[in-house]
Every structure is written in C-alpha cells, then in structure tokens.
Amino acid sequence: MKGRFEGKRGLVLGVANKRSIAWSVARRLADEGATMAFTFQGERIEANVRELAESISSPLITPCDVRQDEDCTRAVAEAAAALGGLDFVVHSVAFAAAEDLEGRFIDTPRDRFWMAIDVSAYSLVAIARAAEPHLAETGGSIVTMTYLGGERAVPHYNVMGVAKATLDASMRYLAWDLGAEGIRVNAVSAGPVRTLAARSIAGFSTMEAIVAERAPLRRHIDAEDVAAASAYLLSADARNVSGTILYVDSGYHAMGM
Ligand code: NAD
C-alpha cells in the first residue's frame, strides 16, 4: 500500500528509542510517503531521536515536555512551519512513576496520580488544541496509544489504567469537538509490546504470557502491528472513522475468561 501518505505531513510525539511504538508508526508512515517532525523529552534521548528521525529525512526534531503548555504550542507551531502544514499527529506518550506500577493502586499518592494523568492524558488535549488550526486546514487526523487497563483492572497497571481511562474519554470528546472541522481522533489499544515504558510495569512478562495463552490468536503482537493499525486510522481509508478504539491485541479484549 505504498503512497497513502505521499505529500502528507505529520508530527510524532513519543519516540525514545528504536523500540518505541512511535518509531514503528513513523517508519511505517515514512514508507508510505509521509514527512514528519519529531519531539523528544529530555536531553538524554535527544541524540537517539535525532539519529532515528534523520534516517527518514525529518526536517525538525524539537524538545517538548508535554506537561508544559508552552512546549506543546511551540512544538506544534514549529512542526507546521517546518513542514508547511500539518495533516496528522501521532501521540504516543505516557508516564507513571515505576513504584506506582508495582504495589497496590490504593497507595498511589495524590501528586503522582495527577502526574500520570497530566503526562499520559491531558497531553492529548493540549496537543490537539495546539494542532487544531493546522489540522482544520487539511481535514487532518490524530491517533493516540491506549491499553485495555483503562477499561478493566489489570494487576500492576494501576494508576496508568486510570490515566488510560482519562485518555480514552478525552479522545472521544476531542473527536466530537474537532469532528465539526473534519478532524478525526482515534486510539489504538495495543497488547503488550517490549518497550522502555513497558519495562517499568512489574509483571510485564506475565502480561505477555497471559496474552499468548488466552487471546483468541494465542500469540503476541509487535510494534509493526500497531504501526499498521495507526496508519489505517490516520489514512483516508478511515475517513469516516472517529472516536474509536482499534484493538491490536490478538483479540484478547474479546475474552471474559
Ligand atoms: P516508550 O517508552 O518508547 O514511549 C513513551 C514515550 O513517552 C517516550 O518517548 C517518553 O520520552 C515519552 N514521555 C514520557 N514523559 C513525557 C513528557 N513529560 N513529555 C513528553 N514525552 C514524554 O514506550 P511505548 O511502549 O512505545 O509507549 C508509547 C505509548 O504506547 C504509551 O502511551 C503507552 O502507554 C502505549 N502503550 C504501550 C504498550 C506496550 O506494551 N508497550 C501497550 C499499550 C499502549
């Protein structure tokens, strides 16, 4: 399906390294013709992100801490300027303190509860608001990354589950607001994929093992599967799809037992 994104311009948030879901999505979109700007958080990963982004001829790699409104508006404005417009945004950002992904949810302190929601859910609202005028010109599209732990209790996922529930609801409200301008907003709900963020979830290997045992397809997914689903949602093939969650989890979400 080469060429679906020929001439399309996007902003990608959430690449930390080559294993990041955002990077798999970006590579897939680049293969299909897209040109993309990238954000990174923290100097520690800048060189990494720069090297990856430059390998697909990105015209802009810029810092963005999504907790800062100014960073969100600046990064989106810089991307639209560097690319000459904006057709899509990939939001693939989340954070919770490692100690809140191992013990009991009930022990989550107030500050870290709000931090997880701030980084993992409010960031979508801030970025969408900044991107709205640019996407409205192109009838663009936004995709974010979610997980079943926002709909069901998944041991250890804890406060991140609450953040994903907030993200899912935000995605639907954004779909309503922005749909008036022809902008679509959707989420991909991925099964476990070994990334930097996944490593901080205690019992991640158990999550993987349970999917392999109990999902209808009895196998893991990989980041390329998430990339293919994201590309579909961002493409014109999904022109009448908005406010939805597309599950890429070997069917695990369909099971009750
Ligand atoms: P990752 O660690 O590669 O990506 C997470 C990204 O969030 C990193 O690039 C990190 O820099 C960024 N980030 C964290 N705090 C930030 C801040 N304050 N400002 C800006 N960026 C910040 O891990 P990933 O697994 O690729 O995660 C991407 C998305 O996919 C997340 O939303 C995650 O919850 C979701 N997801 C992952 C899985 C999985 O199993 N890996 C499953 C379902 C959903």
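Conventions we followed
Residues numbered from 1 in each chain as written. Predicted model: local features only at pLDDT ≥ 70, side-chain atom pairs only at ≥ 80, totals over all residues. Heavy atoms only, no water. Phe/Tyr/Trp six-rings, centres within 6.5 Å; stacked < 30°, edge-to-face > 60°. Helix = DSSP H or I, 4+ residues; strand = E, 2+ residues; numbered from the N terminus. Buried < 20%, exposed > 50% of the residue type's maximum accessible area, 1.4 Å probe, protein only. Near = heavy atom within 4 Å. Polar contact = N/O pair within 3.5 Å; in protein donor to acceptor, adjacent residues only side chain to side chain. Nonpolar A, V, L, I, M, F, W, Y, C, P; charged D, E, K, R; others polar. Pairing = 2+ DSSP bridges. Right-handed = clockwise from strand over helix to strand, strands pointing away. Disulfide = S-S within 2.5 Å. Expected span 1.5 Å × (residues − 1). Bend = angle between axes of the 7 residues up to and from the residue. Salt bridge = Lys/Arg side-chain N within 4 Å of Asp/Glu carboxyl O.

Looking at this structure, how should I read the packing of aromatic side chains?
If you walk through the whole model with that rule in mind, you get four aromatic pairs. Seen from their ring centres, Trp 23 and Phe 38 are 6.2 Å apart, and the 50° between their planes marks the pair as tilted. One end of the pair, Trp 23, is in helix α1 (residues 21–31); the other, Phe 38, is in strand β2 (residues 35–40), and 15 residues separate them in sequence. Like Phe 38, Trp 23 is buried. Where Tyr 147 meets Tyr 157, the ring centres are 4.7 Å apart and the plane angle is 65°; that geometry is what we call edge-to-face. Highlighted residues: Tyr 147 in the loop between β5 (141–146) and α5 (158–179) and Tyr 157 in the loop between β5 and α5, separated in sequence by 10 residues. For Tyr 147, a relative accessible area of 13% translates into the label buried.

Just checking my understanding: could you explain unusual backbone geometry for this structure?
Among all residues save glycine, negative phi is the norm, and among peptide bonds the norm is trans. Here His 156, not a glycine, exhibits a phi torsion of approximately 80°, which is positive. Here His 156 shows up in the loop between β5 and α5. Looking at His 156, the relative accessible area reads 29%, which means it is partly exposed. Of note in the backbone geometry, Arg 218 takes a positive phi value of approximately 50° without being a glycine.

What's the story with the site of the ligand in this structure? I'm lost.
Around the ligand there are 29 residues in total, and Gly 14, Ser 20, Lys 164, Val 193 and Thr 195 lie nearest to it. In this structure, a nitrogen atom belonging to the ligand sits 3.0 Å away from a side-chain N or O atom of Asp 65. Interatomic distance of 2.5 Å between a side-chain N/O atom of Thr 195 and an oxygen atom of the ligand. Of all the secondary structure elements, the ones that give two or more residues to the shell around the ligand are β5 and α6 (196–199). For the shell around the ligand, the leading source of residues is α6, giving three residues. Residues belonging to the shell around the ligand are distributed by class as follows: 19 nonpolar, seven polar and three charged.

Could you clarify how one ought to interpret the side chain of Thr 195 in this entry?
Looking at where Thr 195 falls in the secondary structure, it is placed in the loop between β6 (184–190) and α6. Assessed through its relative accessible area of 11%, Thr 195 is described here as buried.

Could you clarify how one ought to interpret the pairing of strand β4 (residues 88–91) in this entry?
Taken residue by residue, a regular strand's side chains alternate between the two faces of the sheet. Here β4 shows a buried face lined by Phe 88 and Val 90 and a second buried face lined by Val 89 and His 91. Bridge count for β4 against β5 is four bridges, and the pairing is parallel. Counterpart to Val 89 in the pairing with β5 is Ile 142. Once the chain exits β4 it traverses helix α4 (residues 110–138) before rejoining the sheet at β5, and the crossover so formed is right-handed.

I keep staring at the state of the cysteines and nothing clicks. Help me out?
Such a bond, covalent and formed between the sulfur atoms of two cysteines, is termed a disulfide. Here the structure, examined in full by the defined rule, presents zero disulfides. Lacking any disulfide linkage, Cys 64 is separated from the closest cysteine sulfur, that of Cys 72, by 4.4 Å. A residue is classified by how much of its surface remains accessible, and Cys 64, at 6% relative accessible area, is buried.

Looking at this structure, I do not really get α4. What am I missing?
Here α4 is 29 residues long and its end C-alpha atoms lie 40 Å apart, about the 42 Å a rise of 1.5 Å per residue gives. By the largest-angle criterion, Glu 132 marks the main kink of α4, which is about 55°, and a proline, Pro 133, follows within four residues. Of the residues flanking the end of α4, it is Gly 139, one or two places downstream, whose phi is positive at about 65°.

How should I be thinking about the pattern of salt bridges in this particular structure?
Pairing is possible between side chains that carry opposite charge, provided their charged atoms lie close to one another. A complete count under the given rule lists 14 salt bridges for this structure. For Glu 78, the salt bridge identified is with Arg 74, shortest N-O distance 3.3 Å. You can see Glu 78 and its partner Arg 74 sitting in helix α3 (residues 69–83), four residues apart, about one turn around the helix. The salt bridge involving Arg 112 is made with Glu 99; its shortest N-O contact spans 3.4 Å. With Arg 112 in helix α4 and Glu 99 in the loop between β4 and α4, this residue pair connects regions lying 13 residues apart in the sequence. Using a relative accessible area of 23% as the deciding quantity, one classes Arg 112 as partly exposed. Note on Glu 99: relative accessible area 45%, which makes it partly exposed. Among the charged side chains, a network of salt bridges with common partners joins Arg 4, Arg 28, Glu 32 and Asp 237.

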